[in-house]
Amino acid sequence: MSKVPENYEWEIHNLFTYEKRKRQLAAGEITQVQFEEFCMQYRETAEQREDRWRRDHIMAELATENAKNYRSFKENGREFAKKMADMGRGISKWWYTKPKKGAGKGKMIQNKITGGWQQEYKPNTSMKMRAWLEAADQGKVMPHMNPEGKPLNRQPTEEEIGKSNEAKATRGKKVWEWLLNETDNFGRGWTDPKWGKLYKGRPGKGGRSIKPGKYTVK
């Protein structure tokens, strides 16, 4: 039985067309049935939804644990560092080390809850909003993110949508790999035990996943 809450929303993969269909529905150009058929066609599978919920759930737990640890570190850094050393764990050097300043003019600011750093936004030159929008229509803003100088006020091409979806899937895979490494394969480790084989599937699958084979004496 799935553990995903019923109010956890489904994700639509074709986001650009999804927004377009919502506007068409609001304008009366398509019916509610047509809109729901589109959503069902491009909706994620039940397994993808459960994996996404589990990833978000684990990330939230890690963020809560990180905030708790950072608070303990700020209250008594020496004692917390000793506790982590006794557990065979380290602490982030960025909790006590200020990173080098980026290319912009903004100063580096440390988050008081997580201990992470970010650079405050401070534009190099001032520009009125109307002038900025006109420059954006000509592709003359944010050259570091738009080196080809394409107008920002345009619809993405099918090729760009495909690249975006591929990049999104790649990022999701990297997040899972990071989770597995940070949690040491969710506490199971990576080395096969003396008896049988180590189960290396994703946790929380219950009886729906393929179970490991029978244990044999090595």
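Relevant structure appears above.
Presented here is an overview of the structure given in this document. Please read all numbers here as calculations on a predicted model, not as lab measurements.

1. Overview of the overall build of the protein chain
Here's step 1: Secondary structure assignment for the protein chain yields six helices and two strands.
Here's step 2: Secondary structure elements of the protein chain, listed N to C terminal, follow the sequence α-α-α-α-β-β-α-α.
Here's step 3: Every one of the 218 residues in the protein chain was classed for burial, and the buried ones make up 20%.
Here's step 4: Across the protein chain, the fraction of contacts at a sequence separation of at least 24, relative to all contacts at a separation of at least 6, is 41%.
Here's step 5: Surface exposure of the protein chain reaches about 17,300 Å², of which carbon and sulfur atoms provide 53%.

2. Looking at helix 1 (residues 15-26)
Here's step 1: When the terminal C-alpha atoms of helix 1 are compared, their 17 Å separation across twelve residues agrees well with the 16 Å that a helix rising 1.5 Å per residue should span.
Here's step 2: Within the sequence span of helix 1, burial applies to Thr17, Tyr18 and Gln24. Mapping the buried residues of helix 1 onto a view down its axis gives an arc of 120°, with all of them on the same face. Exposed positions of helix 1 whose direction lies more than 90 degrees from the buried face are Arg23 and Ala26.
Here's step 3: Next to the buried residues of helix 1 lie helix 2 (32-42).
Here's step 4: The positive-phi residue at the C-terminal boundary of helix 1 is Gly28, with phi of around 80°.

3. Some words on the pattern of salt bridges
Here's step 1: Throughout the structure, instances matching the rule amount to eleven salt bridges.
Here's step 2: Residues Lys168 and Glu11 are paired through a salt bridge, measuring 3.2 Å at the closest nitrogen-oxygen approach. With Lys168 in helix 6 (residues 158-182) and Glu11 in the segment before helix 1, this residue pair connects regions lying 157 residues apart in the sequence.
Here's step 3: Note that Glu160 and Arg154 form a salt bridge whose closest N and O atoms lie 2.8 Å from each other.
Here's step 4: If you follow the salt bridges from partner to partner, you end up with Glu148, Lys150, Arg154 and Glu160 in one network.

What counts and what doesn't
- Residues numbered from 1 in each chain as written.
- Predicted model: local features only at pLDDT ≥ 70, side-chain atom pairs only at ≥ 80, totals over all residues.
- Heavy atoms only, no water.
- Helix = DSSP H or I, 4+ residues; strand = E, 2+ residues; numbered from the N terminus.
- Buried < 20%, exposed > 50% of the residue type's maximum accessible area, 1.4 Å probe, protein only.
- Contact = heavy atoms within 4.5 Å.
- Areas by Shrake-Rupley, 256 points an atom, 1.4 Å probe, with all protein chains shown as cover.
- Expected span 1.5 Å × (residues − 1).
- Arc of directions from axis to C-beta.
- Salt bridge = Lys/Arg side-chain N within 4 Å of Asp/Glu carboxyl O.

Geometric descriptors of this kind do not, in isolation, establish any biological role.
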